[in-house]
Amino acid sequence: MDLEYKQRISLYLDKETVEKMDGAIKKYDYRSRNDFVSSAVDNLIADKLLGENDTVISDKLSRAIAQMSEKQTLQIAKSMFRYAVEMELIMRMFSEALDFTPAELEEMRKEAVRNVRRTRGKVRLDDLFKRRDTQSL
């Protein structure tokens, strides 16, 4: 900055503070004590302003997160409902077309649980048909 924008002030600090400041000036590559003090004051003022507005910002942020979470929960619930309807339809079709014993159903359920765990829920019908074809060989 030009000198016309600066104002000379007197500043008294204890020796320990000056030593800490000089160490920080070297560590963080400030050009002078003036630059360091100016930066420190600017940061302090910015922190205080943020602190004053912190509650307002925090409240707005938490409300926005809650609204977003509610929307996502609603979308997930709608998707799960559609999924459940489709699964009910498929299960009804199979139960009317095929006749399995309770033991066979239980074994298929165990295998289904293993497959879902193994694939982390990304089970594909065509993969099941491929596996069935290779098991019959």
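In the block above lies the structure referred to throughout.
An account of the accompanying structure is given in this report. In this text, all values refer to a predicted model and were calculated from it rather than measured experimentally. Just so you know, the residues in each chain are numbered from 1, in the order the chain's sequence is written. Where totals are concerned, whole chains, interfaces and linings use all residues; where local detail is concerned, this predicted model gives features only for residues with pLDDT of at least 70, and gives and counts side-chain atom pairs only at 80 or more. No hydrogens and no water enter the side-chain calculation; it runs on all heavy atoms of the structure.

Here's the deal with the overall build of the chain
Item 1. Assigned secondary structure in the chain consists of 4 helices and 0 strands.
Item 2. For the purposes of this entry, the term helix denotes a DSSP run of H or I that reaches at least four residues, the term strand denotes a run of E that reaches at least two, and both are numbered from the N terminus. The secondary structure elements of the chain, listed N-terminal to C-terminal, are α-α-α-α.
Item 3. Only protein chains enter the area calculation, which uses a 1.4 Å probe; residues under 20% of their type maximum are buried, those over 50% are exposed, and those in between are partly exposed. For the chain, the residues scored as buried account for 6% of the 137 residues in total.
Item 4. Surface accessibility in these figures is a Shrake-Rupley result with a 1.4 Å probe; residues are shielded only by whichever protein chains are displayed. Here the chain displays about 13400 Å² of accessible surface, and carbon together with sulfur accounts for 57% of that area.

Examining the pattern of salt bridges
Item 1. What counts as a salt bridge is simple: a side-chain nitrogen of Lys or Arg found within 4 Å of a carboxyl oxygen of Asp or Glu. Applying the stated criterion to the full structure yields 6 salt bridges.
Item 2. The salt bridge partner of D22 is R33, with a shortest N-O separation of 2.7 Å. You can see D22 sitting in helix α1 (residues 15-27) and its partner R33 sitting in helix α2 (residues 33-97), a full 11 residues away along the chain.
Item 3. Look at D22 and you get partly exposed, because its relative accessible area is 25%.

Focus on helix α3 (residues 102-119)
Item 1. Under the 1.5 Å per step criterion, the end-to-end length of α3 is 26 Å for 18 residues, consistent within 8% with the ideal 26 Å.
Item 2. Looking one or two residues beyond α3, the residue adopting positive phi is R120, at roughly 55 degrees. To estimate how far a helix should extend, the number of its residues minus one is multiplied by 1.5 Å.

Some remarks on α1
Item 1. Taking 1.5 Å of rise per residue, the 13 residues of α1 would be expected to cover 18 Å, and the 18 Å separating its terminal C-alpha atoms lies within 8% of that figure.
Item 2. Every buried residue belonging to α1 is among V18, M21, A24 and I25, and all of these are buried. Along the axis of α1, the buried residues cluster in a sector spanning 125 degrees; they form a single face. Exposed residues pointing more than 90 degrees away from the buried face of α1 are listed as K15, E16, E19, K20, K26 and K27.
Item 3. Pairs of N or O atoms are called polar contacts if they sit within 3.5 Å, as long as, within protein, a hydrogen donor faces a hydrogen acceptor (for residues adjacent in sequence, only side-chain-to-side-chain pairs). In this structure D14 caps α1, since a side-chain oxygen of it lies 3.2 Å from the backbone nitrogen of E16. The arc under discussion is defined with respect to the helix axis, by the directions toward the C-beta atoms.

Examining the environment of L13
Item 1. With respect to the helices and strands, L13 occurs in the segment before α1.
Item 2. A relative accessible area of 39% means that L13 is categorised as partly exposed.
Item 3. Should any heavy atoms of two residues lie within 4.5 Å, those residues are considered in contact. When neighbours within four sequence positions are excluded, L13 is seen to be in contact with V18 and M21.

Concerning the packing of aromatic side chains
Item 1. In this scheme Phe, Tyr and Trp rings, the latter by its six-membered ring, pair at centre separations within 6.5 Å, and the angle between planes marks the pair as stacked below 30 degrees, edge-to-face above 60, and tilted otherwise. Summed over the entire model, instances satisfying the criterion amount to 1 aromatic pair.
Item 2. Look at Y30 and F36: their rings are 5.2 Å apart centre to centre, the planes differ by 85 degrees, and that puts the pair in the edge-to-face class.
Item 3. According to the relative accessible area criterion, Y30 is partly exposed, its value standing at 29%.
Item 4. According to the relative accessible area criterion, F36 is buried, its value standing at 18%.

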